[in-house]
Amino acid sequence: MKTYVNLLEGKILPALSALALPIMATSFIQMAYNLTDMIWIGRIGANAVASVGAAGMFMWLSNGLATLAKMGGQIKVGQSLGAQKHKDASMYAQSAIQMGITFAILFSFLSIVFSHQMIAFFHLNSAKVIEDARIYLMITCGLVIFSFMNQILTGIMTAMGNSRISFQVTAIGLVLNIVLDPLFIFGFGFIPPMGVSGAAIATVFAQFMVFILFLFSIRKDTLVFHEVHVFSNFHTKQGKEIFMIGLPTALQSMLFSSISMFIARMIAGWGDGAVAVQKIGSQIESISWMSAEGYAAALNSFVAQNYGAGKSERIKQGFHVSVGVMLGWGVFTTCLLFFFPQAIFHIFLNDEQVLPLGVDYLRILAISQAFMCLEYAAAGCFNGLGKTLPPSFVSVTLTAIRIPLAYVFSQFIGLNGIWWAITVSSILKGIVLFLWFVIKAKNPAYLKKPVEA
């Protein structure tokens, strides 16, 4: 295994950067997964993009279940390692993996059995779009277990201070996906053209190969995984702790995606082209939020280990460093999306009727990027402390206002009103959660782990 980053000693910025950069690079790779699909699917047409956009909402919804096991497992593994309790860390890792497998099987079953009803929710207009969406859903969500396992293993290894392996195996998966996408979508030689279903197959196969590479990478680990036995009995105590810590974040993720599905249903009222704009635009915007999320994951592990080791002052310093870094990134992405929207959006879709809608989307969403980065910085610290309720509460309540805001704004400025509703809520979330953590962190006791009986 690679050398682990020491998060408990030494200069903070180099340590955080050493852990965060591979995670952020992994986020870029994950974004590239999605953008690769969009580039090739966009060549089929806006209807194909709408199909993938609708079905992809359920893949996003499923991530809430993966997040429950990942977040709870990552936090408890990190805190246990900080407290030098390696046996406990292994038990938490095992419980997180077992929980993830269970959730994946249940969600796969529901996605296959109720695929018609799930896609019907969006009230799509074209029969072809509906059928393609259903097929994409059955393939990607029916085999969601590989995505779940990859996310959970990434979280555990990040808690261990090792983010390089996640980057390496995900990079290999990206290359594989880039090669397979055009082959399966358009066909080549003995491979028939499969369109949208080909994109789904390419994505799932790449996820499967990443999972296999993860297994090869961890087989010789002597820090945590050597004591993990997936087919052994479930550790009830550790499982409950993971569940309780991960539940707020999981509910946040699932409610967030559910709210987004309602927004997508509203967007469908402007036609399948508007659905395509939202799908492509959100993937482009992910250059900002996935990077911020990656840095927040590193901050989570940094805080968790130092919380377990009782180093509260180091936690404060890590927060201040992270705010500076993430604010800089937010300003950069704001400038990128605001000043170059047409050039960026044109890469993914050549439809001249849809392109102006995409330009409006990127310019409006650009305004909220720095505030979104503040939200992730505060959330990373809250989560590392094991206090997952504040970021979840803020995210759910202020994301929920998008629905009434979208309804009101769209009455006056049409489709752009929906984009403004998203931007306003993101700005509010960043301000509120950032101030919440700053106020809480002023109390020294808040950053100190209670003494165990």
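In this text the structure is predicted, and so the values were computed from the model without any measurement.

*Asks:* What am I meant to see in unusual backbone geometry here?
*Replies:* Phi is mostly negative for residues that are not glycine, and the peptide bonds are mostly trans. We note that Gln84 has phi near 65°; this positive angle belongs to a residue other than glycine. A relative accessible area of 56% means that Gln84 is categorised as exposed.

*Asks:* Looking at this model, I keep getting lost on the packing of aromatic side chains. Mind explaining?
*Replies:* The way to describe two aromatic rings as a pair is by their centre distance and the angle between their planes. On inspection of all chains with the given rule, the structure shows 13 aromatic pairs. Plain terms: the ring middles of Phe205 and Phe208 are 6.3 Å apart, the flat faces sit at 40° to each other, and that makes the pair tilted. Of this pair, Phe205 and Phe208 both sit in helix 8 (residues 195–218), 3 residues apart, which is roughly one turn of that helix. Residue Phe208 is classed as partly exposed on the basis of its relative accessible area of 29%.

*Asks:* Just to check I follow, could you spell out the pattern of salt bridges for this structure?
*Replies:* Where charged atoms from two side chains of opposite charge come close, those side chains can pair. Enumeration according to the criterion identifies 5 salt bridges in this entry. Ionic pairing is found between Glu131 and Arg134, a salt bridge with its closest N-O pair at 3.1 Å. With Glu131 and Arg134 both in helix 5 (residues 127–142) and 3 residues apart, the pair spans about one turn of that helix. Accessibility expressed as a relative area gives 33% for Glu131, which makes it partly exposed. With a shortest N-O distance of 2.8 Å, Lys237 and Glu241 are connected by a salt bridge.

*Asks:* Sorry if this is basic, but what is going on with the confidence of the model for the chain here?
*Replies:* Reading predicted coordinates in detail is not appropriate for stretches of low pLDDT. On average, residues of the chain score 86 in pLDDT, and 96% of them are at 70 or above. By mean pLDDT, helix 1 (residues 12–44) is the weakest element of the chain at 77, and helix 17 (residues 415–441) is the strongest at 95.

*Asks:* Looking at this model, I keep getting lost on a nonpolar patch on the surface. Mind explaining?
*Replies:* A contiguous nonpolar patch, built from Phe338, Phe339, Phe340, Ile367, Tyr407, Val408, Phe412, Ile413 and Trp420 and spanning about 960 Å² of accessible area, is present on the exposed surface. Contributions of two or more residues to the nonpolar patch are made by helix 11 (312–339) and helix 16 (402–413). Examining the composition of the nonpolar patch, we find that 4 residues originate from one element, helix 16, more than from any other. You can see Ile413 is positioned in helix 16.

About the criteria used
- Residues numbered from 1 in each chain as written.
- Predicted model: local features only at pLDDT ≥ 70, side-chain atom pairs only at ≥ 80, totals over all residues.
- Heavy atoms only, no water.
- Buried < 20%, exposed > 50% of the residue type's maximum accessible area, 1.4 Å probe, protein only.
- Phe/Tyr/Trp six-rings, centres within 6.5 Å; stacked < 30°, edge-to-face > 60°.
- Helix = DSSP H or I, 4+ residues; strand = E, 2+ residues; numbered from the N terminus.
- Salt bridge = Lys/Arg side-chain N within 4 Å of Asp/Glu carboxyl O.
- pLDDT = per-residue confidence, 0-100.
- Patch = residues over 30% accessible without salt bridge, like charges linked within 9 Å, V, L, I, M, F, W, Y side chains within 5 Å.
- Areas by Shrake-Rupley, 256 points an atom, 1.4 Å probe, with all protein chains shown as cover.

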